[in-house]
Amino acid sequence: MIIAKAEARGAYDVERIRADFPILGRPVRGRPLIYLDSTASAQKPQSVIDAESEIYATEYANIHRGLYYLSERATERYEASRRTVQRFLNARHAHEVIFTRNTTESINLVAATYGRRFLQPGDEIVITGLEHHSNIVPWQLLREERGIVIKVAPVADDGDVPLEAITGLLTPRTKLVSVAHISNVLGTILPVAEIIRAAHAAGAKVLIDGAQAVMHLPVDVQALDADFYAFSAHKLYGPTGVGVLYGKEDLLNAMPPYQGGGDMIRTVTFEKSTWAPLPQKFEAGTPAIAQVPALAAAIDYVTALGLDRIASHENNLLAYASERLAAVPGLRIIGTTPHKAAVISFALDCAHPHDIAQVLDNAGVAVRAGHHCAQPLMERFGVPATARASFGLYNNRADVDALVAAVTKVQELFGQ
Amino acid sequence: MSDDLRDLYQEVILDHGRHPRNRRMIEDANHHARGENPLCGDKLIVFLKINADGVIEDVSFEGQGCAISTASASLMTEVIVGKSEKQAEELFASFHALATGGEVESSEELEDEMDRLHVLAGVRDYPVRVKCATLAWHTLVAALKDEQKVTTE
């Protein structure tokens, strides 16, 4: 652990923290990197980079089958990481934590197994208007196959999805409510605890897409009573190639396997195979052996810093950035609800988001421009695309100042 | 501002981006096509009025996009008008080469047009922006061939 616990509980020293992220020290186009795209993927602290390379350098072998030292060690590291995720989400059991490739695969897993097994034609799934494509398209695929109905809770002008927008859609036929915890475009934080309570009262299960949430706020799946919770390691300062699906034990046990192959079976004959118990039932094939411990290192890193303190730091940055950007003439922030995380989507009167991102890139400022895999949401706000600046635990006020200075340059270039 | 940004956003591009020429509908167009770049959400329609001799009498576009794609569409309408279909296709090939960093071969009779389009050569250093610059041209070719829709991805 790079940051000692005692020190971590002191003042939030963002400059010390930045030093943990080697990439922040490299210049981009001859300028210091101003990285404002953590929502797409977060940069990695040295401890995460070391954890992955350490596995390859010292403890690498295939897991769950070798009767030799290295395989036992690799298996132990992998399963210890599962327990780290269990504690991080406060899951009741470690075997309720399934490792996938990413959030997208976690949601597809639920659609392909729970959805196919338990949803009948005419059954309803409720999503919201601010979902990422990965929480829309898997349900559309299921609709094509099963004839289910997808209902979409509308997004308010300020980017909020009020509880009533969702409860108003619940009927006796609602089988699943699948919503983002935090919007990747607007930063809106949805009232997931209340949504889950209302959905359960209506007899529906709930999947929370936590891809944008786990790095911004503490998540307790038992307190939430979530049925499924999905997130990706790479947005949590961890490695690429690893995602998590939390599912309640009884649901996961009732679901058929997702993929067939090695590791997920108990016995195989040509006539019939039987499945391994949880969690292996859902982890066919060789998984991300070196990356899963690196996810645990990422969790250790944010936990030592304290998600509450990270959130407070990011909220200060969000307030500062929102205030400075709102003062720029001709700039419109899309998503102004007070219930939001440190994500700012914006549009300029004088320039298309791609031109904004281009000029910002030239100033070393990395932002995302485009539809952010949320085309229906772009349509909702009447824009083809937005520029999006998002803030992580390592961003500072100087990053905000650089962003605003670069936006001013955009105006100089494209203003009339 | 750095020079490389100036290379990309030359004055002519900024001017055509702000004040695009021929951004209008042609009521009696006999060819049109829709172009779309799903990556950035840019959409445009190219309208053509081609006479019996195969000469492009009028050309226009509608739609919104970034400065590069709007300027490229605007400039395209200016160099294409009055040309034959064959010349338009030749200009497309030459422009495509210009934008992607390929070998630009154009006949002498189209030299002036290629000179005008040269302001867009800066996109070759920005792979993501090549599609912005070529969207209108791909849509033009689709309209000439009477394909209804084209996407650049």
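Each value, and the rule that gives it
Residues numbered from 1 in each chain as written. Chains lettered and ligands numbered in written order. Predicted model: local features only at pLDDT ≥ 70, side-chain atom pairs only at ≥ 80, totals over all residues. Heavy atoms only, no water. Domains from an automatic or database assignment. Contact = heavy atoms within 4.5 Å. Buried area = accessible area lost by both parts, 1.4 Å probe. Salt bridge = Lys/Arg side-chain N within 4 Å of Asp/Glu carboxyl O. Polar contact = N/O pair within 3.5 Å; in protein donor to acceptor, adjacent residues only side chain to side chain. Phe/Tyr/Trp six-rings, centres within 6.5 Å; stacked < 30°, edge-to-face > 60°. Helix = DSSP H or I, 4+ residues; strand = E, 2+ residues; numbered from the N terminus. Buried < 20%, exposed > 50% of the residue type's maximum accessible area, 1.4 Å probe, protein only. Lys NZ or Arg CZ within 6 Å of the ring centre and 35° of its normal. 1 Å grid on protein atoms, 1.4 Å probe; cavity = no way out; pocket = protein on both sides within 12 Å on 5 of 7 lines; lining within 4 Å. Points joined across faces, edges and corners; volume = space filled by probe spheres on them. Nonpolar A, V, L, I, M, F, W, Y, C, P; charged D, E, K, R; others polar.

**Here we look at the domain arrangement of chain A**
Residues and elements named next belong to chain A. Split into domains, chain A comes out as domain 1 (50-303) and domain 2 (306-411). Each of domain 1 and domain 2 has a C-alpha centre, and these two points are 28 Å apart. Facing the 30 residues of domain 1 at the interface are 29 residues of domain 2. Buried surface at the junction of domain 1 and domain 2, both sides included, amounts to about 2400 Å², of which 59% is carbon and sulfur. Together, V185, L186 and H216 form the three largest contributors to the area buried by domain 1 at its contact with domain 2, with a combined 27%. Our enumeration of links across domain 1 and domain 2 arrives at one salt bridge. Note that R380 is salt-bridged to D157, the shortest N-O span being 2.6 Å. Our count for the domain 1 to domain 2 interface comes out at 20 residue pairs in polar contact (both at pLDDT 80 or more).

**Comments concerning the packing of aromatic side chains**
Aromatic ring pairs are reported here in terms of the distance separating the ring centres and the angle at which the planes meet. Residue and element names in this part refer to chain A. This model, assessed by the stated rule, comprises 11 aromatic pairs over all chains. Judged by centre distance (4.8 Å) and plane angle (75 degrees), the ring pair of F21 and Y394 falls under edge-to-face. One end of the pair, F21, is in the loop between helix 2 (14-18) and strand 1 (27-28); the other, Y394, is in the loop between strand 17 (386-390) and helix 15 (397-414), with 373 residues separating them in the sequence. Here F21 falls in the buried class, since its relative accessible area comes to 1%. Positioned above the aromatic ring of F381 is the side chain of R380, whose terminal nitrogen or guanidinium carbon lies 4.7 Å from the ring centre. In this structure, R397 is placed above the aromatic ring of Y320, and the distance from its NZ or CZ to the ring centre is 3.8 Å.

**Some details on the layout of surface pockets**
Space inside the largest pocket adds up to approximately 510 Å³. Looking at the largest pocket, it is lined by 27 residues, and the ones nearest its centre are D349, C350, A351 and H352 of chain A together with G65 of chain B. Per-element tally for the lining of the largest pocket: the top contributor is helix 2 (residues 11-18) of chain B, with four residues. A per-class count over the lining of the largest pocket returns 15 nonpolar, seven polar and five charged.

**Focus on the interface of chain A and chain B**
Taken together, the contact pairs 15 residues of chain A with 21 residues of chain B. Considering only the side of chain A, the residues that lose the most area to chain B are H354, Q358 and L413 of chain A, jointly responsible for 36% of the buried surface there. Taken together, chain A and chain B are joined by one salt bridge. The salt bridge partner of D355 of chain A is R129 of chain B, with a shortest N-O separation of 2.8 Å. Taken together, the connections running from chain A to chain B amount to nine residue pairs in polar contact (both at pLDDT 80 or more). Listing elements by their share of the side of chain A that touches chain B, those giving two or more residues are helix 13 (353-362) and helix 15 of chain A. If one sorts the elements of the side of chain A that touches chain B by residue count, helix 13 of chain A sits on top with five residues. When its residues are assigned to classes, the side of chain A that touches chain B shows five nonpolar, nine polar and one charged.

**A few points about the pattern of salt bridges**
Across all of its chains, the model carries 29 salt bridges over all chains by this definition. Here R116 of chain A and E145 of chain A are joined by a salt bridge, their closest N and O atoms 3.0 Å apart. Remark: E145 of chain A occurs in helix 6 (residues 137-146) and R116 of chain A occurs in helix 5 (residues 103-118); sequence separation between them is 29 residues. Between E57 of chain B and K49 of chain B there is a salt bridge, with the nearest N and O atoms lying 4.0 Å from each other. The exposure class assigned to E57 of chain B is partly exposed, which follows from its relative accessible area of 43%. Via salt bridges that share partners, E54, E59, R73 and R77 of chain A belong to a single interconnected network.

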